[in-house]
Amino acid sequence: MDCAVFKSGVLVAAALAASAFAQTTLHTTTTLVVVPTLVQTSGKELVFSPKADDFVLTDNGVPQKVTLEEESSRPLSLVVLMQTGGIARGQFENYVHLDSMIADILGKAPNVVSIVNFDSEPEAASPFTSDVVEWKDAIDHPDQGNSGAAILDSIGFGLDLLRKQPQGNRRAILLISQEHDNGSKAKVKDIVRELGETNTAIYSMTFSSKKTAMKQAFKDPALNKPITVGDGQYQAYFDLSMPLNLAISEMRRNLSAEVANLSGGETSGFTSRGDLDTALGVMTNHIRNSYILSFYPTSTEPGLHTLEVRLAHHPELLVSARKNYWAVDSARTEPKH
């Protein structure tokens, strides 16, 4: 198998700016909106007691009639976006055995997954499958990409893949990447709109590009050529100028986390294989134990709708759910750029 066939991408991005959405004209129809919802105690323990009539869901402040679906009634279509370009090369050792972690998330058929590697652009995707083992080598030992990290473009690529999946499936993206985008051509407002249109949740696993670069700068001989110390009798391999410059460079916003939170997904950071394993384990537990709420909107207002979910009689419990959806149909006028 040619591992280069699908250098997977990792995506990410989001920033809400009202003016960004104002330039889109939409005509809406009433379509089902799916809202995965997690209920936890203040100590982050999962709660399973609430019933459908315990949930209060508002669409632009207006209460909606909510249906509580069985998790098994909606198969999961998952796209895994793996950054392989830029500083992600320093994370390849943490990707080992990622195949088994993805298999745990996926569960059994008819749930399916597609793997996409990305650098300055997303690469061809693996076919959707219920058998992660067939892509084991390419997942655990990805090919090195170029210097880019086009997160937004990769998310858009993943959303296009999910559009072709059965309409009734739950849709999710697992993004494994650095925090900020580097090189995407896609617009944030377009990605936010597509997330809302497709009922897609993003789960973001981010590593610090700064910490990864510093780690590489200290241990990689190719980046740290010997420097002469004293009278030339000694050599050192730690050129402090590189990690120092990295440490004091301007920090960028964590777009991956913003996109995940906006979509109703989750975000976690990792610095080691153990961190990644733990974070994916928690995410798997949450995906499998989320309530699947759905409703038919009563509003015909076009554009971005704000959602809020709470429990009527249990204010002490924590409720996590997607924050918006985008009302749209085939008569939509495409957004102006």
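Residues numbered from 1 in each chain as written. Predicted model: local features only at pLDDT ≥ 70, side-chain atom pairs only at ≥ 80, totals over all residues. Heavy atoms only, no water.

Draft legend 1. View of the environment of R310. Following the sequence through the fold, R310 ends up in strand β13 (residues 303–311). Using a relative accessible area of 42% as the deciding quantity, one classes R310 as partly exposed. Sequence separation between R310 and D54 is 256 residues; the distance between their C-alpha atoms is 8.5 Å. Look past the residues within four positions of R310 in its chain and what remains in contact with it is D54, F55, V56 and V319. (Helix = DSSP H or I, 4+ residues; strand = E, 2+ residues; numbered from the N terminus. Buried < 20%, exposed > 50% of the residue type's maximum accessible area, 1.4 Å probe, protein only. Contact = heavy atoms within 4.5 Å.)

Draft legend 2. Inspection of helix α6 (residues 188–198) at higher detail. Burial of α6 is extensive: 10 of the 11 residues sit out of reach of the surface. Immediately beyond the C-terminal end of α6, within one or two residues, lies N199, with a positive phi of roughly 55 degrees.

Draft legend 3. Local environment of the sheet that holds strand β5 (residues 76–83). Strand order across the open sheet formed by five strands is β6-β5-β7-β8-β11, with parallel pairing between neighbours. In the strand order of this sheet, the two ends are held by β6 (112–118) and β11 (266–269), each with one partner. Between one strand and the next, the sheet's axes are offset by a mean angle of 15 degrees, whatever the strand orientation. Where strand β7 (residues 170–177) and strand β8 (residues 200–206) come together, seven bridges link them in parallel fashion. Following the sheet pairing, L174 is matched in β8 by Y203. Packed onto the sheet, helix α9 (residues 255–263) meets β7, β8 and β11 and runs at close to 150 degrees relative to β8. (Pairing = 2+ DSSP bridges. Axes fitted to C-alpha atoms, helices over the stretch in contact; angles between N-to-C directions.)

Draft legend 4. The sheet that holds strand β14 (residues 318–321), seen in detail. The strand order β4-β12-β1-β14 describes an open sheet built from four strands, whose pairing is antiparallel. Of all the strands in the sheet, just β4 (67–69) and β14 have a single pairing partner and so form its edges. Each strand axis lies, on average, 35 degrees off the axis of its neighbour in the sheet, ignoring direction.

Draft legend 5. How the structure looks around the packing of helix α5 (residues 151–163) against α6. Close contact between α5 and α6 brings their axes to 10 Å; oriented N to C, the two are set at 25 degrees. Considered as vectors, α5 and α6 are oriented roughly parallel to each other. Every pair of crossing elements has a handedness; the one defined by α5 and α6 is left-handed. Contact residues: α5 offers L152, I155, G156, L159, D160 and R163, while α6 offers V188, I191, E194, L195, E197 and T198. (Parallel < 35°, antiparallel > 145°, perpendicular 65-115°, else oblique. Left-handed = near helix turned anticlockwise from the far one by under 90°.)

Draft legend 6. Region of the structure containing the side chain of S290. When you line up the elements, S290 lands in the loop between α10 (273–288) and β12 (291–295). Here H286 takes part through its backbone oxygen, which lies 2.6 Å from a polar atom of the side chain of S290. Among residues more than four places away in sequence, those in contact with S290 are T37 and L38. (Polar contact = N/O pair within 3.5 Å; in protein donor to acceptor, adjacent residues only side chain to side chain.)

Draft legend 7. Representation of the environment of V133 within the structure. Among the structural elements, V133 can be located in the loop between β6 and α4 (136–140). Residues V133 and S100, spaced 33 residues apart in sequence, show a C-alpha to C-alpha distance of 8.0 Å.

Draft legend 8. Quick peek at the nonpolar core. Counting residues in each nonpolar core, the largest one holds 30 residues, and the members touching the most others are V80, L98, L174, I176, M205 and L280. Contributions of two or more residues to this core are made by β5, α2 (92–95), α3 (98–106), β6, β7, β8 and α10. (Core = buried A, V, L, I, M, F, W, Y, C linked by side-chain atoms within 4.5 Å.)

Draft legend 9. Highlighting the confidence of the model for the protein chain. Per-residue pLDDT for the protein chain has a mean of 77; in total, 74% of the residues score no lower than 70. Residue range residues 1–29 is modelled with pLDDT below 50. Its contacts to residues more than four positions away, or to other chains, number 124 contacts. Counted against residues more than four places away or in other chains, residues 211–219, with its pLDDT under 50, gives 23 contacts. (pLDDT = per-residue confidence, 0-100.)

Draft legend 10. Spatial organisation of the packing of aromatic side chains. This model, assessed by the stated rule, comprises four aromatic pairs. Considering the side-chain rings of F92 and Y95, the 5.8 Å spacing of their centres and the 40 degrees angle between planes classify their relative orientation as tilted. Here F92 and its partner Y95 are both found in helix α2, three residues apart, which amounts to about one turn of the helix. Accessibility classification places F92 together with Y95 in one group, the buried group. Both rings, one in F207 and one in F270, keep their centres 5.9 Å apart while their planes meet at 75 degrees; by these two values the pair is edge-to-face. Taken together, the residues span a long stretch of sequence, with F207 in the loop between β8 and α7 (209–219) and F270 in the loop between β11 and α10 at a distance of 63 residues. (Phe/Tyr/Trp six-rings, centres within 6.5 Å; stacked < 30°, edge-to-face > 60°.)

Draft legend 11. Examining the pattern of salt bridges more closely. This model, assessed by the stated rule, comprises five salt bridges. Notably, a salt bridge pairs R193 with E197, separated by 3.6 Å at the nearest N-O pair. Taken as a pair, R193 and E197 lie in helix α6 at a separation of four residues, close to a single helical turn. Of the two residues, R193 and E197, both sit in the buried class. (Salt bridge = Lys/Arg side-chain N within 4 Å of Asp/Glu carboxyl O.)

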